[in-house]
Protein chains: 2
Amino acid sequence: MESSNERNARHKKAMQRKKEHVDQRIAAATTDKGLVVVLTGNGKGKSSSAFGMLARSVGHGLRCGVVQFIKGQWECGEHLLFSQHPQVEFHVMNTGFTWETQDRDADISAAVSTWEHAEALLQNANVDVVLLDELTYMLTYGYLDADRVIRVLSERPAHQHVIITGRNANDRLIELADTVSDVTDIKHAFNAGVRVQKGIDY
Amino acid sequence: MESSNERNARHKKAMQRKKEHVDQRIAAATTDKGLVVVLTGNGKGKSSSAFGMLARSVGHGLRCGVVQFIKGQWECGEHLLFSQHPQVEFHVMNTGFTWETQDRDADISAAVSTWEHAEALLQNANVDVVLLDELTYMLTYGYLDADRVIRVLSERPAHQHVIITGRNANDRLIELADTVSDVTDIKHAFNAGVRVQKGIDY
């Protein structure tokens with residue numbers, strides 16, 4: 001049977017190997033650049049992940065812009081926290097979900113005018129981080145012109161990070177992105193009859 | 001060729017059906033309860049998602065507790081933003097990653113004393129949301145006793161939400177959880193030689 005000393009020695013050796021491996025990977029990563037991060041998939045945690053990165057960015061003193069496409073009409077915690085923050089410019093397309101409006105022309109016109117805010121942020125070199133929450137639906141529904149969206153994203157200031165959320169991210173968004181995470185449900189409380197919960201879901 | 005009016009009418013009908021479906025699902029979800037949300041998988045976005053939910057919770061005026069297990073030694077944006085916030089109690093196991101310490105006994109003792117903070121939060125009915133960042137590793141490595149962790153989580157105040165992050169979430173955690181999201185990498189900037197970026201990664 002292995003003694004505690006032997007176990008500790010084995011642990012130390014394994015961790016030394018792991019440290020070498022991690023250090024090598026860290027040494028290989030030397031570039032700094034503005035990233036496009038896409039959070040997609042059907043699971044819970046895409047927008048919250050984006051707002052977590054926003055929280056980090058605000059914590060570091062970075063200047064941030066948020067544009068939320070299609071949101072429900074209830075008051076969201078992220079809006080309550082960040083919309084009054086001096087480092088954050090916050091815009092919401094407050095028409096409600098597209099199945100609430102049931103009016104395609106009105107949705108398109110809301111999407112286009114909300115996108116103007118995104119474009120202004122993506123052209124402003126003073127803005128370090130831009131969060132485009134639920135942008136993917138605007139492309140899926142054809143409410144925004146994908147060519148224009150891709151072009152504006154590509155031509156943004158080189159240091160600027162962009163975080164994009166929503167299901168079914170467009171292939172061109174995925175191609176453009178530096179980091180893409182897919183969030184899938186293993187379990188979801190809503191399917192067990194639990195209402196959306198303040199703080200967790202909105 | 002479909003006219004604009006026809007297209008709009010078709011859209012309206014589809015959205016009416018979608019609204020019926022969504023409304024039915026919302027009507028079926030009637031329970032309120034403290035949730036256990038687990039964010040696991042190898043992709044980027046688990047801790048940031050948890051901190052996004054924390055941002056929402058703080059926005060709504062909820063009282064929150066954070067315990068971070070194994071973190072690097074650099075200053076994280078989430079800590080900068082939340083650790084001084086009057087609604088948030090924030091604890092960090094600041095030993096660094098386990099491959100940095102290379103000392104199993106020291107790691108166990110740090111994990112156990114960090115867990116004490118988690119336990120106090122999980123027994124305090126005044127705390128609405130508890131975030132246990134990177135807890136899963138403490139169970140995988142056997143640094144904490146899984147029976148005790150599961151018992152304390154199960155016996156917490158009924159309204160309290162708990163958010164747990166980390167790769168390879170223990171089966172018993174998944175069983176206990178109400179919502180489990182799996183985050184996988186489709187692409188990661190780090191693999192293309194990009195350094196960890198302030199605001200996005202820490």
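First, a word on what this report is: a plain description of the structure on this page. (Residues numbered from 1 in each chain as written. Chains lettered and ligands numbered in written order. Predicted model: local features only at pLDDT ≥ 70, side-chain atom pairs only at ≥ 80, totals over all residues. Heavy atoms only, no water.)

Attention now goes to the interface of chain B and chain A. Counting residues at the interface gives 82 residues for chain B, matched by 82 residues for chain A. Its largest share of buried area at the contact with chain A, chain B owes to R56(B), Q102(B) and K187(B), together 11% of the area lost on that side. Inspection of the region where chain B meets chain A yields four salt bridges. A salt bridge links E78(A) to R56(B); the shortest N-O distance between them is 3.0 Å. For the interface between chain B and chain A, the tally reads 46 residue pairs in polar contact (both at pLDDT 80 or more). (Contact = heavy atoms within 4.5 Å. Buried area = accessible area lost by both parts, 1.4 Å probe. Salt bridge = Lys/Arg side-chain N within 4 Å of Asp/Glu carboxyl O. Polar contact = N/O pair within 3.5 Å; in protein donor to acceptor, adjacent residues only side chain to side chain.)

A word on the packing of aromatic side chains. Residue and element names in this part refer to chain A. Counted according to the given criterion, the structure contains eight aromatic pairs over all chains. Seen in terms of ring centroids, F51 and F90 are 6.3 Å apart; in terms of plane orientation they differ by 15 degrees. Their pairing is stacked. Within this pair, whereas F51 is found in helix α2 (residues 46-59), its partner F90 is found in strand β3 (residues 88-92), the two being separated by 39 residues in sequence. Of the two residues, F51 and F90, neither departs from the other in class, the shared state being buried. With a centroid separation of 6.3 Å and an interplanar angle of 40 degrees, the aromatic rings of Y137 and Y141 are classed as tilted. One aromatic cluster is present, formed by F51, F82 and F90 through successive ring pairs. (Phe/Tyr/Trp six-rings, centres within 6.5 Å; stacked < 30°, edge-to-face > 60°. Helix = DSSP H or I, 4+ residues; strand = E, 2+ residues; numbered from the N terminus. Buried < 20%, exposed > 50% of the residue type's maximum accessible area, 1.4 Å probe, protein only.)

With that settled, the discussion passes to the pattern of salt bridges. All names here are of chain A. Going through the model one piece at a time under the given rule, you end up with 16 salt bridges over all chains. D178 is the salt-bridge partner of K33, the closest N and O atoms lying 2.6 Å from each other. A residue pair is termed long-range when its members are at least 10 positions apart, and K33 in the loop between α1 (4-28) and β1 (36-40) and D178 in the loop between α8 (171-176) and β6 (179-187) qualify at 145 residues. The partner of R151 in a salt bridge is E155, and the shortest N-O contact between them spans 3.7 Å.

Expressed as a screw operation, the relation of chain B to chain A combines 0.0 Å of axial shift with a rotation of 180 degrees, fitting to an RMSD of 0.0 Å. Classification of the inter-copy transformation places it as that of a two-fold axis. Comparing contact sets, 100% of the residues at the interface of chain B also lie at the interface in chain A, consistent with an isologous, same-surface contact. (Least-squares fit on C-alpha atoms with pLDDT ≥ 70 in both.)

Here the focus is the sheet that holds strand β3 (residues 88-92) of chain B. Within the open sheet, the 12 strands sit side by side as β3(A)-β2(A)-β4(A)-β5(A)-β1(A)-β6(A)-β6(B)-β1(B)-β5(B)-β4(B)-β2(B)-β3(B). Their pairing is mixed. The two strands at the open ends of the sheet, each matched to only one other strand, are β3 of chain A together with β3 of chain B. Mean inter-strand twist for the sheet, computed between neighbouring axes without regard to direction, equals 15 degrees. Looking at chain direction, strand β2 (residues 64-68) of chain A and β3(A) are connected through five bridges and run parallel. (Pairing = 2+ DSSP bridges. Axes fitted to C-alpha atoms, helices over the stretch in contact; angles between N-to-C directions.)

Moving on, we get to the packing of α2(A) against helix α2 (residues 46-59) of chain B. The angle between the axes and the distance between the axes are what describe a pair of packed helices. Taken N-terminus to C-terminus, the directions of α2(A) and α2(B) make an angle of 80 degrees; their axes are 6 Å apart at the nearest point. One element, α2(A), and the other, α2(B), form an angle in the roughly perpendicular class. The residues of α2(B) that touch α2(A), namely those facing S47(A), S48(A), S49(A), F51(A), G52(A), M53(A) and R56(A), are S47(B), S48(B), S49(B), F51(B), G52(B), M53(B) and R56(B). Grouping the constituent residues of the contact of α2(A) with α2(B) by class yields four nonpolar, eight polar and two charged. (Parallel < 35°, antiparallel > 145°, perpendicular 65-115°, else oblique. Nonpolar A, V, L, I, M, F, W, Y, C, P; charged D, E, K, R; others polar.)

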